[in-house]
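Observations on the model geometry
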Amino acid sequence: STFLFMAESTFYTEMLGLNRQMIGELFFVLLWLVILSKRMKAASRIFCFIVFSFGLVVSHYALAEIFLFLISSILAYFMILSFIRRRRSRSIMINASLVLLFFGIMFSWYVYTNGSSVFNSFTQFGNNVYGQLSDFFNPASRGETVLRGLGLEAPPTIWNTFGRVFAYLTEIFIVVGTIGILTKRVKSNFSQEYSVLTLIAVGILAAVILVPGLASTLNITRFYHILLFFLAPLCVLGADAFVGLLFKQKKQTVTTILLLAVLVPYFLFQTGFVYEVTKSQSSSVPLSGYRMGSNFYLNNAIISKEDVSGAQWLSEHSDIGHLTVYAGYITPLVGYGMISLDRIPPITNVTSVTGGEFAFLGTLNTQYG
């Protein structure tokens, strides 16, 4: 329940257009359910793991890479633990066969579809992070979103201030829960494997915050949203530990009330409900799209039905293989008109259209100038 509140809230406004990630997260969750389940038979586990692995790999490569990193880290932990203890310490969750199986599926698909592009992206991101290490003591190198999450950026309105207070409370609870797990002062029903997984997620989040440029490789809001799959329970444990310091009686009741008092407003602020009610600046397309003006299309990659109809009409009534159409908004022409990018030169205020050529004026042009 806590994850549904927290992760869906942070995901809602930031990830609205990332349909591939939404689909990828479905398989991401299913894979962890398969791994964490102690009741599945071995044959069923392997079959489901293979099917869901293919689903994740073909849906979203960044999520697949994060999943591979997590299961590899867990395997490495238990291998090191076995070496130190001089006896075998098998993980119920992860073994080398599952890691190698996912690795094979992932890179076979990427080699088949993308060649070396994934490797090149790794190299590019690595060079970018390495180039910014000299700015380690410069907070601005983390990006404005990281600074906002740490409370180092001034909120634009009083309503944003209230919204951030509830967000910071969830972060404080997660920190308290993490400290409680590390010091073993907080009781949980986590298995050893899940405790390791949770602490790895904490480590990734800490690295994203501390290492300059690392947050920009995927976007800090996406990192935080994905890691909340594992961090959300720490919010509950942190709240429980906080209440335990103040109350000795009816601890569970007070913890529940505290969580509801924090998470319900957090959800309402993060989904844009409060900003729509107060008519403040909002990024929620379903709630506030009607008052966004041109930003509705610019910031959210929205395509109007008129643009779609125009692109389809042009495709049906012209030879798209020899067509030249000037445009400043190419998405409907490529996506719905199936017109090649090299047939769509940019339109400007001095564009001259000759015989047999077209100028495509979309909603942004005709309604917003």
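Structure first, text after, so check above.
In this text, all values refer to a predicted model and were calculated from it rather than measured experimentally.

Regarding the overall build of the chain
In terms of regular secondary structure, the chain is built from 17 helices and two strands. Seen through its principal axes, the chain has C-alpha atoms that stretch 80 × 50 × 45 Å. Taking all 369 residues of the chain together, 40% fall into the buried category. Excluding contacts between residues fewer than 6 apart, the proportion of contacts in the chain whose partners are at least 24 apart in sequence is 64%. Entry remark: accessible area of the chain is about 20,900 Å², with carbon and sulfur atoms responsible for 63%. Looking at the chain, you have 24 positive and 17 negative side-chain charges, and the mean spots of the two groups are 23 Å apart.

So, helix α8 (residues 158-183)
Helix length check: α8 (26 residues) gives 37 Å between terminal C-alpha atoms against 38 Å at 1.5 Å per residue, within 8%. Those residues of α8 that sit buried are Asn160, Gly163, Arg164, Ala167, Thr170, Phe173, Ile174, Gly177, Thr178, Gly180 and Ile181. Just downstream of α8 lies Lys184, where phi reads positive at about 60 degrees.

Focus: the nonpolar core
Ranked by internal contacts, the top residues of the largest apolar core, which has 62 residues, are Phe28, Trp32, Phe67 and Phe102. Elements with a minimum of two residues in this core: α2 (19-36), α3 (42-59), α4 (61-85), α5 (96-114), α8, α9 (192-210), α10 (220-246) and α11 (251-270). Per element, the largest residue contribution to this core is 13 residues, and it comes from α10. Beyond its immediate chain neighbours, meaning those up to four positions away, Phe28 contacts Leu56, Leu63, Phe67, Leu70, Ile226, Phe229 and Phe230. In this structure, Val325, Ala327, Ile344 and Phe360 belong to the second largest nonpolar core, which totals nine residues.

Observations concerning the packing of aromatic side chains
Applying the stated rule across the entire model yields 17 aromatic pairs. Ring centres of Phe28 and Trp32 lie 6.3 Å apart, and the angle between their planes is 80 degrees; this geometry places the pair in the edge-to-face category. With Phe28 and Trp32 both in helix α2 and four residues apart, this pair spans about one turn of that helix. A residue is classified by how much of its surface remains accessible, and Phe28, at 0% relative accessible area, is buried. The class of Trp32 is buried, set by a relative accessible area of 5%. Each ring, one from Trp159 and one from Phe162, has its centre 5.9 Å from the other, and the planes form 70 degrees; the classification is edge-to-face.

With respect to unusual backbone geometry
In the Ramachandran plot, Lys184 falls in the positive-phi region, its phi being about 60 degrees despite a non-glycine side chain. As for its placement among the helices and strands, Lys184 is situated in the loop between α8 and α9. Positive phi values are uncommon outside glycine, yet Met338 reaches one of about 55 degrees. Among the secondary structure elements, Met338 is positioned in the loop between α16 (331-335) and β2 (357-360). Under the relative-accessibility criterion, Met338 is labelled exposed at 58%.

About the cut-offs
Residues numbered from 1 in each chain as written. Predicted model: local features only at pLDDT ≥ 70, side-chain atom pairs only at ≥ 80, totals over all residues. Heavy atoms only, no water. Helix = DSSP H or I, 4+ residues; strand = E, 2+ residues; numbered from the N terminus. Buried < 20%, exposed > 50% of the residue type's maximum accessible area, 1.4 Å probe, protein only. Contact = heavy atoms within 4.5 Å. Areas by Shrake-Rupley, 256 points an atom, 1.4 Å probe, with all protein chains shown as cover. Lys, Arg positive; Asp, Glu negative; His and termini not counted. Charge placed at Lys NZ, Arg CZ, Asp CG, Glu CD. Expected span 1.5 Å × (residues − 1). Core = buried A, V, L, I, M, F, W, Y, C linked by side-chain atoms within 4.5 Å. Phe/Tyr/Trp six-rings, centres within 6.5 Å; stacked < 30°, edge-to-face > 60°.

That is the geometry; function is a separate question.
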